[in-house]
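# Observations on chain architecture
Take a look at the letters that make up each chain.
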Amino acid sequence: MADLQSRVNDLHDLLNQYSYEYYVQDNPSVPDSEYDKLLHELIDIETTHPEYRTEDSPTVRVGGSAQSTFEKVQHDTPMLSLGNAFNEEDLRKFDQRIRDNIGDVEYMCELKIDGLAVSLKYENGRFVQGLTRGDGTTGEDITENLKTIHAIPLKINEPRTFEVRGEAYMPRKSFFNLNEAKAENDEQPFANPRNAAAGSLRQLDSKLAAKRKLSVFLYSVNDFTQFNADTQSEALDELDQLGFKTNQARQRVQTIDEVLAYIEKWTEQREDLPYDIDGIVIKVNALEQQEALGFTQKSPRWAIAYKFPAEEVITELLDIELSIGRTGVVTPTAILEPVKVAGTTVSRASLHNEDLIHEKDIRIGDSVVIKKAGDIIPEVIKSVLDRRPENAEQYHMPTHCPSCDHELVRIEGEVALRCINPKCQAQLVEGLIHFVSRQAMNIDGLGTKIIQQLYENELIKDVADIFYLTKEDLEPLDRMGEKKIDNLLKAIELAKSNSLEQLLFGLGIRHLGVKASQVIAEKYSTMDKLFDVTEEDLVTIHDIGHKLAQSVVTYLENEDIRALIEKLKVKNVNMTYKGVKTSELEGHPEFKDKTIVLTGKLYQMTRNEASKWLALQGAKVTNSVTKSTDLVIAGEDAGSKLTKAEKFGTVVWSEEDFVQKQKEIEG
Ligand code: IVH
């Protein structure tokens, strides 16, 4: 078996070398097929001889078994963030402060990669643990996902122990490919590469993370004493030597004017990079000077992040298109000459409402300035008046619905125009899309495009028709193979057994959200009982006001709606509440009948999970802090709710306190 062991060693070395050449040096020496061939050879050996499988085998790059959660791990030293500079003045002040403190200085300028901070631990030359930043003190163990990133070495040539930090990111190309695939499957695309990278690293199944093609740039070492370096620049060079990927656009400079020149250069060239950057980081280069400057509570005094302003570009407003939402609200959308902003091509932007169009005096044919708010959602900022064509006319919303021609109304106190025709086609289609959406009936595979086709072909006119669909109905639709039809019919069948609150929410009753649907379904348990409910009954429920109560009662009284429910019943669509009855729960005395508010960012669970758990303990989770609130659970960056709690003297727990209590209760 010595032969096999040496073959395994060779395969490790070759595969690691090829990954390094391809992903770190960007200079592959063999075709992809060669890598794949060797990888499969190694996978075969490990399958037949599991004793040759190791934690740092290149086969871990394809991902392993799925985890149920990510473990929380405390950072050895906190992962801090950087102070921000937004303009030249901020930078000059930073420079002055440094020079006042320590005299002459050399800076290291680096690109600020727009991804997620990660910390990588190596022990005896092997990658053993990778953490997210988390709240800076405690991160999540995402080692298995990080191992799928080829640019992260699984082992290095020297048996050293240290921690390095950097930014994991999704290259633009991976991002576009991923979103293209998502669009094909009718899935919601990611807004930007950073969100896509974050989503990928949060996958509990590392096989999925492996498909996302992430990369990394390392930008700091945790403890200089482990390195042969007296400066940031030497530390990065040493990381290069060890086989890590660092960003090569870094530059040492001696003056703030050179810093500004570096910023100017990359402001111009950032679009040509194959990854997103959101600024420039400026660091004092010498370790000794860094130590002399030290840290504030949150960030080092020896570094600052210059943030690029949201990019603004000028393009032409070709037209204003109107879209009609589920509730009849008519929203004007700007149709733009396609233009690239902050990495993606923009051709549409919401104009919100007519008032706003007039306020900004935006006219069709204008050259308009657009930017991405938070670099995500495109927004029209203003028209360029001196470029206005002579014949450009002020825009007026139509008086009638562009879909059904019913007169539009402006409801008092609202800026929006609405089509109030309950039979308006556009609204009906939006209503159908809502009915099948995740939080409602959650029918997988029934995306917007299919719904539109089904509606246009008159196969579905109301939500009940969905349950009457047959194989023959679906066959003529675009891109509908046998397998897809089968899956779709199965998903529809499955939805028949959904609990009442999903159906209630799906019906799209005005003002009725997910939470109120849940409370009402739980309280009345069946649709038939709900038919007899009065407005007075409903308002006795905590959190349900008159407007909502009235809307529910009026809706359920409607003869057409009664007929619709009957039509659903014929197809055995479930009309009862299947969830837990909170009132019958024994609960836990610590929480039972207590009114609790969750606020701020939680790290160990989502707010929704926390809320569900509390409900199971018999607590009432509400949105706003009042005098009768018993407890506030405040995560990171909690804002006004926490302030209010402090004012009322309400008991406040941190996430840690809460988790501790959960552990005590669950044993
Ligand atoms: S140095 C003490 N260098 O920007 C923090 N950060 O708040 C030291 N980032 O989330 C960070 N590129 O993940 C540094 N070249 C770079 C960076 C960089 C991106 C991120 C970092 C952190 C944020 C700064």
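For the structure itself, look to the data block above.
What this report covers is the structure whose coordinates are included nearby. Along each chain, residues carry numbers from 1 onward, in the same order as the chain's sequence is written. Totals for whole chains, interfaces and linings use all residues, but because this is a predicted model, local features are given only for residues with pLDDT of at least 70 and pairs of side-chain atoms are given and counted only at 80 or more. The side-chain quantities take in all heavy atoms of the structure and omit both hydrogens and water.

### Examining the site of the ligand
Only a single heavy atom is needed: when it lies within 4 Å of a molecule or strand, its residue is near that molecule or strand. The environment of the ligand is formed by 13 residues, the closest being Leu82, Glu110, Glu167, Tyr219 and Lys283. Residue Ile113 places a main-chain N or O atom 3.1 Å away from a nitrogen atom belonging to the ligand. Here a polar contact is taken to be a pair of N or O atoms separated by no more than 3.5 Å, where protein atoms must pair a possible hydrogen donor with a possible acceptor and residues adjacent in sequence count only if both atoms sit in side chains. Lys283 places a polar side-chain atom, nitrogen or oxygen, 3.0 Å from a nitrogen atom of the ligand. Only the protein chains shown count as cover for residues, with accessible areas throughout obtained via the Shrake-Rupley method and a probe of 1.4 Å. Considered on its own, the ligand offers 520 Å² of accessible surface; in the complex 86% of this is hidden by protein.

### Some remarks on a negative patch on the surface
Two distance rules govern patches: like charges are joined within 9 Å, and nonpolar side chains (Val, Leu, Ile, Met, Phe, Trp, Tyr) within 5 Å, applied only to residues with over 30% relative accessible area and no salt bridge. Here, a salt bridge means any Lys or Arg side-chain nitrogen found within 4 Å of an Asp or Glu carboxyl oxygen. Here Asp and Glu are counted as negative and Lys and Arg as positive; His is not counted, and neither are the chain ends. Each charge is placed at NZ for Lys, CZ for Arg, CG for Asp and CD for Glu. Residues Asp230, Glu234, Glu288 and Glu291 make up a contiguous surface patch of negative charge. A helix here means a DSSP run of H or I that spans at least four residues, while a strand means a run of E at least two residues long, and both kinds are numbered starting from the N terminus. With respect to the element layout, Glu234 can be found in helix α8 (residues 232-242).

### Observations regarding the sheet that holds strand β4 (residues 116-123)
Strand pairing requires that DSSP identify at least two bridges connecting the strands. Here we have four strands laid out as an open sheet, ordered β5-β4-β7-β8, and antiparallel in their pairing. The open sheet is flanked by β5 (126-132) and β8 (215-221), the only strands paired with a single partner. Taken pair by pair, the neighbouring strands of this sheet meet at an average axis angle of 35°, ignoring direction. In the sheet, strand β7 (residues 162-169) pairs with β8 via six bridges, with the strands oriented antiparallel. Residue Glu167 lies in a different strand from β8, and its bridge partner there is Phe217. Contacting β4 and β7, helix α6 (residues 193-201) runs over the sheet at an angle of about 40° to β4. Only heavy atoms enter the contact rule, under which two residues are in contact if any of them lie within 4.5 Å. Where helices are involved, their axes are fitted lines through C-alpha atoms of the stretch in contact, as for all axes, and angles between N-to-C directions lie from 0 to 180°. Sitting on the sheet, α8 is in contact with β7 and β8, with an inclination near 135° to β8.

### Describing the packing of aromatic side chains
Pairing of aromatic rings covers Phe, Tyr and Trp, the last counted by its six-membered ring, and requires centre-to-centre distances within 6.5 Å; plane angles under 30 degrees mean stacked, over 60 mean edge-to-face, and any other angle means tilted. Applying the stated criterion across every chain yields a total of 19 aromatic pairs. Between the aromatic rings of Tyr122 and Phe162, the centroid separation amounts to 5.8 Å while the plane-to-plane angle is 35°, which identifies the pairing as tilted. Within this pair, whereas Tyr122 is found in strand β4, its partner Phe162 is found in strand β7, the two being separated by 40 residues in sequence. Each ring, one from Tyr306 and one from Phe308, has its centre 6.0 Å from the other, and the planes form 85°; the classification is edge-to-face. Through a chain of ring-to-ring contacts, three or more aromatic side chains come together here, namely Tyr122, Phe127, Phe162, Phe227 and Phe244. A ring is considered to have a charge above it if a Lys NZ or an Arg CZ atom is located within 6 Å of its centre and within 35 degrees of its normal. Over the ring of Phe227 we find Arg160, and its NZ or CZ is 5.2 Å from the ring centre. Above the plane of the ring of Phe217 lies Lys245, whose end atom (NZ or CZ) is 4.8 Å from the centre.

### Digging into the side chain of Thr595
Mapped onto the elements, Thr595 comes out in strand β19 (residues 595-599). Once residues lying within four places of it in the same chain are set aside, the contact partners of Thr595 are Lys620, Thr622, Ser628, Thr629, Asp630 and Leu631.

### Digging into the sheet that holds β19
Spatially, four strands are ordered β20-β19-β21-β22 in an open sheet, and the strand pairing comes out parallel. The two strands at the open ends of the sheet, each matched to only one other strand, are β20 (620-622) and β22 (651-654). Here the strands of the sheet are splayed against their neighbours by 30° on average, with no regard to which way each runs. Strand direction decides the pairing type here: β19 and strand β21 (residues 631-634), joined by four bridges, are parallel. Considered in β21, the bridge of Thr599 is made with Ala634.

### Points about the nonpolar core
Counting 56 residues, the largest nonpolar core has Ile466, Ile520, Met527 and Leu538 as its most contacted members. Secondary structure elements with two or more residues in this core: α12 (425-436), α13 (448-456), α15 (482-495), α16 (500-506), α17 (514-524), α18 (527-531), α20 (546-557) and α21 (559-570). For this core, the leading source of residues is α20, giving six residues. Apart from residues lying up to four places away in sequence, Ile520 is in contact with Leu504, Leu512, Ser525, Leu530, Leu538, Ile541, Ile544 and Val552. For the purposes of this section, nonpolar cores are sets of buried Ala, Val, Leu, Ile, Met, Phe, Trp, Tyr and Cys residues that join through side-chain atoms within 4.5 Å. Burial here depends on accessible area, computed with a 1.4 Å probe over protein chains only, as a share of the maximum for the residue type. Under 20% is buried, over 50% is exposed, and the range in between is partly exposed. If you look at the next biggest cluster of nonpolar residues, it comprises 35 residues, including Ile149, Ile156, Ala168 and Ala235.

### Comments concerning the packing of helix α1 (residues 2-24) against helix α2 (residues 32-48)
One can describe the packing of α1 onto α2 by two numbers: an axis separation of 10 Å at closest approach and a directional angle of 145°. Here the hand of the crossing between α1 and α2 comes out left-handed. Between α1 and α2, the residues in contact are Leu4, Arg7, Val8, Leu11, His12, Leu14, Leu15, Tyr18, Ser19 and Tyr22 and Asp32, Glu34, Tyr35, Leu38, Leu39, Glu41, Leu42, Ile45 and Glu46, respectively. When residue character is reported, Ala, Val, Leu, Ile, Met, Phe, Trp, Tyr, Cys and Pro are called nonpolar, Asp, Glu, Lys and Arg charged, and the others, Gly included, polar. Among the residues making up the contact of α1 with α2, the classes are represented as twelve nonpolar, two polar and five charged. With the far helix as reference, a near helix turned anticlockwise by less than a right angle produces a left-handed crossing, and one turned clockwise produces a right-handed crossing.

### Some remarks on the packing of helix α22 (residues 607-616) against helix α24 (residues 655-666)
Across the interface, α22 lies against α24 with an axial gap of 13 Å and an inter-helix angle of 45°. Comparing the axis directions of α22 and α24 gives the class oblique. The crossing of α22 and α24 is left-handed. On α24, the residues touching Ala610, Trp613 and Leu614 of α22 are Phe658, Gln662, Ile665 and Glu666. Roughly parallel means an angle under 35 degrees; roughly antiparallel, over 145; roughly perpendicular, 65 to 115; everything else is oblique.

### Let's talk about the side chain of Lys147
Secondary-structure assignment places Lys147 in helix α4 (residues 143-147). For Lys147, a relative accessible area of 3% puts it in the buried group.

### A few points about the environment of Ile544
Locating Ile544 in the fold gives a position in the loop between α19 (535-539) and α20. Since its relative accessible area comes to 7%, Ile544 is described here as buried. Along the primary structure Ile544 and Arg607 are separated by 63 residues, whereas in three dimensions their C-alpha atoms are 21 Å apart. Not counting residues up to four positions away in its chain, the partners in contact with Ile544 are Ala516, Ile520, Leu538, Val539 and Ala549.

### Quick notes on unusual backbone geometry
Positive phi values are uncommon outside glycine, yet Asp361 reaches one of about 45°. Relative to the helices and strands, Asp361 resides in the loop between α11 (354-359) and β15 (367-373).

### Let's talk about the pattern of salt bridges
Close approach of charged atoms allows side chains with opposite charge to pair. The final tally for this structure, using the stated rule, is 38 salt bridges. Close ionic contact of Arg172 with Asp276 constitutes a salt bridge, the shortest N to O distance being 2.6 Å. Taken together, the residues Arg172 in helix α5 (residues 172-184) and Asp276 in the loop between α9 (256-269) and β10 (277-284) connect sequence positions 104 residues apart. Residue Arg172 shares its accessibility class with Asp276, and that shared class is buried. For the salt bridge of Glu321 with Arg348, the shortest nitrogen-to-oxygen distance reads 3.2 Å. Of the two residues, Glu321 is situated in strand β12 (residues 312-324) and Arg348 in strand β14 (residues 344-350); the sequence distance between them amounts to 27 residues.

The values reported here are purely geometric and, on their own, carry no functional implication.
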